[in-house]
Amino acid sequence: GAGVAERAKIMVLRALDDEEGGSTSTIIEALEYAIDMGAKVSSNSYGGGGESQAFRVALQAAREADHLFVAAAGNDAEDNDGLPMFPCAYDIDNVLCIASTYTNFETNVTSMSTFSNYGEQTVDMGAPGTAIYSTMPGASYASLSGTSMATPFVSGAAVIVRDLAPQMSAVEVKNLLMSTGTPTVALEGRTVSGTRLNLENAVRRALAQAWVF
């Protein structure tokens, strides 16, 4: 199994070094390899640097290959509409850009994580990204925060939807996840959809779509 998506296979591709440095060209090579190997969803928890025409072309090719590119919005508490964080900010409709949220379970109130980037036009939706229990090197675990933690939740949900309703395109899966999310006041005017990931709703919608021919 592969986490939440039990029937999926995870392909780990290293495009950055131990210091989280790398080049656009190595990231593009990793994306192209994933697509060549048949991957329909990728989880991309990195960002920075300016816009790249080569990366744009690669993402457009990914769209033609029906590949959903899920990307982290960034952790600078900045408005991506004015200060775009790439690759999240590429205006290509198979890119799904994710902000981080935090839910206080005592009050049941969800807020945007204080560090999360946002953008009414460029950041699509939110997912939990504060104090997420995660694996670490050396077979250990730690509580981590960041849009890099929120993004894999959405990637996993996308894989489940694509498994349940394989006839749906990458763009249709993106729209399904955004439209089935939980409306969240803190995300209104700060994301495109104003919603936080809701896997139960997404699965219900996917199952309904699976019977539509």
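This report concerns the structure included in the present document. (Residues numbered from 1 in each chain as written. Predicted model: local features only at pLDDT ≥ 70, side-chain atom pairs only at ≥ 80, totals over all residues. Heavy atoms only, no water.)

**Points about the overall build of the protein chain**
Each helix and strand in the protein chain was counted, giving 5 helices and 9 strands. Along the protein chain, from the amino end to the carboxyl end, the secondary structure elements read α-β-α-β-β-β-β-β-β-α-α-β-β-α. Over its C-alpha atoms the protein chain spans a radius of gyration of 16 Å, differing by no more than 12% from the 17 Å that the globule rule assigns to 213 residues. Viewed in the frame of its principal axes, the protein chain has a C-alpha envelope of about 45 × 45 × 40 Å. (Helix = DSSP H or I, 4+ residues; strand = E, 2+ residues; numbered from the N terminus. Rg over C-alpha atoms; globule rule 2.2 N^0.38 Å.)

**Comments concerning the nonpolar core**
For soluble globular proteins, the rule of thumb is that nonpolar side chains tend to be buried together. One finds Leu-31, Phe-55, Leu-59, Phe-69, Cys-88, Tyr-90 and Val-123 to be the most contacted residues of the largest nonpolar core, which totals 23 residues. When contributions to this core are tallied by element, the ones reaching two or more residues are helix H1 (24–36), helix H2 (53–64), strand S2 (68–72) and strand S3 (95–104). Ranked by the residues each element gives to this core, the list is headed by H1, at 4 residues. Beyond its immediate chain neighbours, meaning those up to four positions away, Leu-31 contacts Ser-42, Phe-55, Ala-58, Leu-59, His-67 and Phe-69. Val-41, Val-161, Ala-170 and Val-173 belong to the second largest nonpolar core, which has 22 residues in total. (Core = buried A, V, L, I, M, F, W, Y, C linked by side-chain atoms within 4.5 Å. Buried < 20%, exposed > 50% of the residue type's maximum accessible area, 1.4 Å probe, protein only. Contact = heavy atoms within 4.5 Å.)

**A short note on the pattern of salt bridges**
On inspection of all chains with the given rule, the structure shows 7 salt bridges. Taking the shortest distance from any N to any O, the salt bridge between Glu-51 and Arg-56 comes out at 2.6 Å. Two residues, Asp-91 and Arg-56, come together in a salt bridge whose shortest N-O distance is 2.9 Å. Here the residue Asp-91 occupies a position in the loop between S2 and S3, and Arg-56 occupies one in helix H2, the gap between them amounting to 35 residues. (Salt bridge = Lys/Arg side-chain N within 4 Å of Asp/Glu carboxyl O.)

**Some remarks on the state of the cysteines**
All chains considered together, the criterion is met by 1 disulfide. The side chain of Cys-88 participates in a disulfide bridge whose partner is Cys-97; the two sulfur atoms lie 1.8 Å from each other. Between Cys-88 and Cys-97 the sulfur-sulfur dihedral comes to about -80 degrees; the bridge is accordingly left-handed. For the pair Cys-88 and Cys-97, a shared accessibility class is recorded, and that class is buried. (Disulfide = S-S within 2.5 Å.)

**Re the side chain of Thr-184**
The topology assignment puts Thr-184 in the loop between strand S8 (182–183) and strand S9 (195–196). When residues no more than four places from it in sequence are discounted, the contact partners of Thr-184 are Thr-110, Gly-194, Thr-195 and Arg-196.

**So, the packing of aromatic side chains**
Within this structure, the stated rule accounts for 4 aromatic pairs. Taken together, a centroid distance of 4.7 Å and an interplanar angle of 50 degrees make the contact between Phe-86 and Tyr-90 tilted. Between the aromatic rings of Tyr-133 and Tyr-141, the centroid separation amounts to 5.5 Å while the plane-to-plane angle is 15 degrees, which identifies the pairing as stacked. Taken as a pair, Tyr-133 and Tyr-141 share a single burial class, namely exposed. Positioned above the aromatic ring of Tyr-118, the side-chain terminus of Arg-190 is 4.3 Å from the ring centre. (Phe/Tyr/Trp six-rings, centres within 6.5 Å; stacked < 30°, edge-to-face > 60°. Lys NZ or Arg CZ within 6 Å of the ring centre and 35° of its normal.)

**Some points on the packing of helix H3 (residues 147–164) against helix H5 (residues 199–210)**
For the pair H3 and H5, the least separation of the axes is 8 Å and the interaxial angle reads 20 degrees. Judged by the inter-axis angle, H3 sits roughly parallel to H5. The handedness of the crossing between H3 and H5 is right-handed. Across from Ala-157, Ile-160, Val-161 and Leu-164 in H3, the residues of H5 making contact are Leu-199, Ala-202, Val-203, Ala-206, Leu-207 and Ala-210. (Axes fitted to C-alpha atoms, helices over the stretch in contact; angles between N-to-C directions. Parallel < 35°, antiparallel > 145°, perpendicular 65-115°, else oblique. Left-handed = near helix turned anticlockwise from the far one by under 90°.)

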